[in-house]
Amino acid sequence: MDLVLELKNNASKLLLAVMESRGESENAERILYNMNPRQLVDVACKAYHQKLVGGEEAASPKEVGQNIYILCHQLAQHNKELAALMKPPPVDGVSGDAALQCYADHTAQIEIVRHDRTMEQIVFPIPEMCEYLTNDTKVRVFHTAERDDQGSKVAAFFKGVDDMFDEMKWQKKLRGQPFLFWVSSHMSIWSQILFNLAVIINLIVAFFYPFDTDGPAPDPGTHLSGLIWAVMLLSAAVAITLPKPSGIRTLVMTVILRLICSAGPQPTLMLLGTAAVVLKGVHLLSIMGNAGTFQRSVRQICTDTEIVYHVVYLIFCFLGLSTHPFFFSVLLFDVVYRNTNSVSLNCSYFSVFVNWNESIHMIKLVLLS
């Protein structure tokens, strides 16, 4: 059976090669004259349900079925019957529906404009490994790809292919570690929470330092205290019924104000500093988990500027908590770090706007992968 699969695989690749770069329907008509459209679809569906035989070097049944599906996809432009078979009605119990849907999900198409201004459609399979590419990496590639001239974006994309492939292999292994995968999946959330914490901590230091450890907690007055309680309860109700970021931020701010009024600014600062240390540790763990840092050598970890930056950030969180609150002011350098990324993103937005006609096809390829 492995030899039969190999033969089918080579035959499908041969027909795809014949169809490639051919806009006319002559080759399609020759193929359809010798092959029944329904038989082509049935062969692709049967390959989907066929088990792998032979070793790793043998052809995969799904790969063979994917090639036949792409062939059907190209032939369907010249045959209405085949086009209808490619989109069967969703009926339960039909094995072909699941196979065709899986092939469709792992098939993409781009259009290439040739020098003579003719448009050519290229259909290609999306490897299953691409499902493990993180959204952060997709956004980074989308915004940082070079667009200086017609060929620079392609070269810049392929420079990072090896790193992205290593990341996808690591993400595939990460699925077997539920806790680490959950932490790594929320990397941007930890970053946003830490930024807000740094701002709040520095506002408390700016307004209340030096702290009066012997005196009572500041009294906001009866009316202001009642207003804080009312806003806190209202925001809590809104956050529970309609969990939106604005309602959650309002609830957190009112709880912090209530803590300052009840316990004092210094205990509140210690509580927020402890939360910053814990969250920064989780954030660092998520960054290392996403990048596959645990598989690197110590030298590679020490030369990674992003890892070094976040380790230094964590150290200053410890110093602000244990030594002096002024160390928390260093955390505001995160504004510079975030704005540096924002500037590069804004430049990329402008570049996309100016060179949109040149870069649209590359962007499609990145997004669909």
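These numbers come from a predicted model, not from an experiment.

1. Some words on the overall build of the protein
Thinking step 1. When its secondary structure is counted, the protein shows 18 helices and 2 strands.
Thinking step 2. Every one of the 369 residues in the protein was classed for burial, and the buried ones make up 36%.
Thinking step 3. Intrachain contacts of the protein at a sequence separation of at least 6 include 68% that bridge at least 24 residues.

2. Looking at helix α2 (residues 26-34)
Thinking step 1. Taken together, the buried positions of α2 are occupied by Asn-27, Ala-28, Ile-31 and Leu-32. Viewed along the axis of α2, the buried residues span an arc of 130 degrees, placing them on a single side of the element. In α2, the exposed positions that point more than 90 degrees away from the buried face belong to Arg-30, Tyr-33 and Asn-34.
Thinking step 2. Buried residues along α2 sit in contact with α1 (2-19), α3 (37-49), α4 (61-75) and α5 (80-85).

3. What about the packing of aromatic side chains?
Thinking step 1. Under the defined criterion, the tally for this structure stands at 5 aromatic pairs.
Thinking step 2. For the pair Tyr-48 and Tyr-103, a centre-to-centre distance of 5.8 Å together with 85 degrees between the ring planes defines the contact as edge-to-face. Placement of Tyr-48 in helix α3 and of Tyr-103 in helix α6 (residues 95-105) is noted, with a sequence separation of 55 residues between them.
Thinking step 3. Accessibility expressed as a relative area gives 1% for Tyr-103, which makes it buried.
Thinking step 4. Ring centres of Phe-316 and Phe-327 lie 6.1 Å apart, and the angle between their planes is 45 degrees; this geometry places the pair in the tilted category. Here Phe-316, found in helix α16 (residues 305-322), pairs with Phe-327, found in the loop between α16 and α17 (333-354); they are 11 residues apart in sequence, far enough to count as distant.
Thinking step 5. According to the relative accessible area criterion, Phe-316 is partly exposed, its value standing at 21%.
Thinking step 6. We classify Phe-327 as partly exposed; its relative accessible area is 28%.

What counts, and at which threshold
Residues numbered from 1 in each chain as written. Predicted model: local features only at pLDDT ≥ 70, side-chain atom pairs only at ≥ 80, totals over all residues. Heavy atoms only, no water. Helix = DSSP H or I, 4+ residues; strand = E, 2+ residues; numbered from the N terminus. Buried < 20%, exposed > 50% of the residue type's maximum accessible area, 1.4 Å probe, protein only. Contact = heavy atoms within 4.5 Å. Arc of directions from axis to C-beta. Phe/Tyr/Trp six-rings, centres within 6.5 Å; stacked < 30°, edge-to-face > 60°.

Geometry only, nothing functional implied.
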